[in-house]
Amino acid sequence: MTEHSHEQWIKPGIRSLSAARSGRVDPRLHRLQWNENPLEFPADLKEIVLERLAQAGWAHYPLGLRPWALIERIASHTGLDAGQIVVGAGSSDLIKIVMSSVLHAGDNVVMPCPTFLLYRPAIHMQQANNIEIPLHAADGFALPVDALIEAAQVEDARLVVVCAPNNPTGTVYSFAELDRLAAGCPGLLLVDEAYSEFSGQDFTPLLARGNVLLLRTFSKLYALAGVRVGYLLAPAHLAGELQKAVSDFPLSVFAELAAEVALEHNERFAPVREQIIGERERLAAALAALPGLCVYPSGTNFLLVQLDRPKGPLLDHLRQRHNLLLSDLAAYSELKECVRISVGTPDQNDLVIRGFGEHFG
């Protein structure tokens, strides 16, 4: 059999990426590193989903290829038309769909940095270039709107990407800032709203600009990270084109039903939001009172904390003494002295406060 190099078969955009993550996480640990909802999907709503799942047909492909019942629910929830909504298997898949639909090899994408790590490999898969405009801790990681516009215009960027509020810094960006950015972009502006429920923001009026895409997820507030449902809001002419890149059957019956039930009982998640925000502020205040820590303001369900010493001993202490797993942000060269803490349950947050106090007190 003739041997062939992987370079013969695999596109350069894929070969340029780092190896796929394969590490396992000890299930006994308190996972406060992935910004999940610590309160779980309500048990009684799970029962509703399971009852409907038992009644649903499993042997046939979904009617109409798209999850129309969920799309109509999202349309009602957002006040938009069904033709403006693209549903996918989590916002991570939709990021790749946008990149593959918009970018040619050699195109430029402008984004602030540090930001969500998934954007970069999704860009590189298309053999496009990411042009990063630095955020600075000294000004609270404020959005450099003018610098982003200038870079987008000079580099003729087909796409500008902003996570609002930003992951991993937690920074809230205003509607006015994003509106000005959209107005100054020569191409499209993708706004990732994964954490917007925790900041109380709604950017749907930006869609009137005609060049804005809004990305949302059921993973955070709705506690469905394990189910994988996300959706994109766009002007109808763009949504129709992006829909062509989505799998013919983007969601399982289970995923569609779970998301439908979540929106049907949307009011149940208001107290969830308030508890997470309250715990975030309690955790932030307790950590800020310790010497050697800087806790940055957050409009998300996590906190970015800067340390005045190497973080390895702290992370080891938290893991060994309290079974706590935080994000060490090792992939962010700009945040080498920082950790990110997902807001957990009250008991988990107490462990964080205790562990930090033992190390910094």
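Scroll up for the structure.
Residues numbered from 1 in each chain as written. Predicted model: local features only at pLDDT ≥ 70, side-chain atom pairs only at ≥ 80, totals over all residues. Heavy atoms only, no water.

## Observations regarding the sheet that holds strand 6 (residues 188–192)
Sheet strands pair by backbone hydrogen bonding; their relative direction is either parallel or antiparallel.
Right, on to step 1. If you trace the seven strands from one edge of the open sheet to the other, you get 2-8-7-6-5-3-4, paired in mixed fashion. Unpaired on one side and paired on the other, strand 2 (85–88) and strand 4 (129–134) mark the two borders of the sheet. When the angles between neighbouring strand axes are averaged without regard to direction, this sheet yields 20°.
Right, on to step 2. Bridging between strand 2 and strand 8 (residues 230–233) involves four bridges; their strand directions are antiparallel. (Pairing = 2+ DSSP bridges. Helix = DSSP H or I, 4+ residues; strand = E, 2+ residues; numbered from the N terminus. Axes fitted to C-alpha atoms, helices over the stretch in contact; angles between N-to-C directions.)

## Concerning the sheet that holds strand 10 (residues 302–307)
Right, on to step 1. Overall, antiparallel pairing links the three strands, which are arranged 9-10-12 in an open sheet. Strands with a single pairing partner mark the edges of an open sheet, and in this sheet they are strand 9 (293–295) and strand 12 (338–342). In this sheet, adjacent strand axes meet at a mean angle of 25° when their direction is disregarded.
Right, on to step 2. As paired elements, strand 10 and strand 12 share five bridges and run antiparallel to each other. Bridging from a neighbouring strand, Leu303 pairs with Ile341 of strand 12.
Right, on to step 3. Across the sheet, helix 12 (residues 270–288) is in contact with strand 9, strand 10 and strand 12; its angle to strand 10 comes to roughly 10°. (Contact = heavy atoms within 4.5 Å.)

## Quick word on unusual backbone geometry
Right, on to step 1. Cys113 connects to Pro114 through a cis peptide bond whose omega is 10°.
Right, on to step 2. By the secondary structure assignment, Pro114 is in the loop between strand 3 (108–113) and helix 6 (119–125).
Right, on to step 3. For the peptide bond that leads from Asn167 to Pro168, omega is 20°, which places it in the cis range.
Right, on to step 4. By the secondary structure assignment, Pro168 is in the loop between strand 5 (159–163) and helix 8 (175–184).
Right, on to step 5. Positioned with a positive phi, Gln127 is a non-glycine residue whose angle comes to about 55°.
Right, on to step 6. Topologically, Gln127 is positioned in the loop between helix 6 and strand 4.
Right, on to step 7. Accessibility expressed as a relative area gives 35% for Gln127, which makes it partly exposed. (Buried < 20%, exposed > 50% of the residue type's maximum accessible area, 1.4 Å probe, protein only.)

## Notes on the pattern of salt bridges
Right, on to step 1. Scanning all chains against the criterion turns up 16 salt bridges.
Right, on to step 2. We note a salt bridge from Arg158 to Asp107, for which the minimum N-O separation is 3.2 Å. Of the two residues, Arg158 sits in the loop between helix 7 (145–154) and strand 5 while Asp107 sits in the loop between helix 5 (91–102) and strand 3, which places them 51 residues apart along the sequence.
Right, on to step 3. As a salt-bridge pair, Asp146 and Arg180 come within 2.5 Å of each other at their nearest N and O atoms. Here Asp146, found in helix 7, pairs with Arg180, found in helix 8; they are 34 residues apart in sequence, far enough to count as distant.
Right, on to step 4. Taking relative accessible area as the criterion, Asp146 reaches 52% and is therefore assigned exposed.
Right, on to step 5. The class for Arg180 is partly exposed, based on a relative accessible area of 41%. (Salt bridge = Lys/Arg side-chain N within 4 Å of Asp/Glu carboxyl O.)

## A short note on the nonpolar core
Right, on to step 1. By size, the foremost hydrophobic cluster in this structure holds 70 residues, and its most contacted members are Leu181 and Phe218.
Right, on to step 2. The element that contributes the greatest number of residues to this core is helix 11 (residues 253–264), accounting for seven residues.
Right, on to step 3. Membership of the second largest hydrophobic core comes to 27 residues, among which are Ile95, Ile97, Val102 and Leu232. (Core = buried A, V, L, I, M, F, W, Y, C linked by side-chain atoms within 4.5 Å.)

## With respect to the state of the cysteines
Right, on to step 1. A complete count under the given rule lists zero disulfides for this structure.
Right, on to step 2. Of all cysteine sulfurs in the structure, the one in Cys113 sits closest to Cys163, which takes part in no disulfide; the separation is 12 Å.
Right, on to step 3. Judged by its relative accessible area of 1%, Cys163 is buried.
Right, on to step 4. Note on Cys294: no disulfide assigned, nearest cysteine sulfur contributed by Cys338 at a separation of 7.9 Å.
Right, on to step 5. Take Cys294: its relative accessible area is 35%, and that puts it in the partly exposed class. (Disulfide = S-S within 2.5 Å.)

## Examining the packing of helix 12 against helix 14 (residues 346–360)
Right, on to step 1. Helix 14 packs onto helix 12 with a crossing angle of 10° between their chain directions and a minimal axis gap of 10 Å. In this view, helix 12 runs roughly parallel relative to helix 14, as classed from their interaxial angle. The segment helix 12 lies against helix 14, with Gln275, Glu279, Arg282, Leu283, Ala286 and Leu287 engaging Pro346, Asn349, Asp350, Val352, Ile353 and Phe356.
Right, on to step 2. Across the contact of helix 12 with helix 14, the residue classes break down as seven nonpolar, two polar and three charged. (Parallel < 35°, antiparallel > 145°, perpendicular 65-115°, else oblique. Nonpolar A, V, L, I, M, F, W, Y, C, P; charged D, E, K, R; others polar.)

## Description of the packing of aromatic side chains
Right, on to step 1. A full pass over the atoms with the stated rule returns 10 aromatic pairs.
Right, on to step 2. Taking the centre distance of 5.0 Å and the plane angle of 65° together, the rings of Phe141 and Tyr296 count as edge-to-face. Of this pair, Phe141 sits in the loop between strand 4 and helix 7 while Tyr296 sits in the loop between strand 9 and strand 10; the two residues are 155 residues apart in sequence, bridging distant segments of the chain. In terms of burial, Phe141 and Tyr296 fall into one category: buried.
Right, on to step 3. Here the aromatic residues Phe41, Phe218, Tyr222, Tyr231 and Phe269 are joined through ring pairs into a cluster of three or more.
Right, on to step 4. A cation sits over an aromatic face here: Arg340 above Phe302, 5.7 Å from the ring centre. (Phe/Tyr/Trp six-rings, centres within 6.5 Å; stacked < 30°, edge-to-face > 60°. Lys NZ or Arg CZ within 6 Å of the ring centre and 35° of its normal.)

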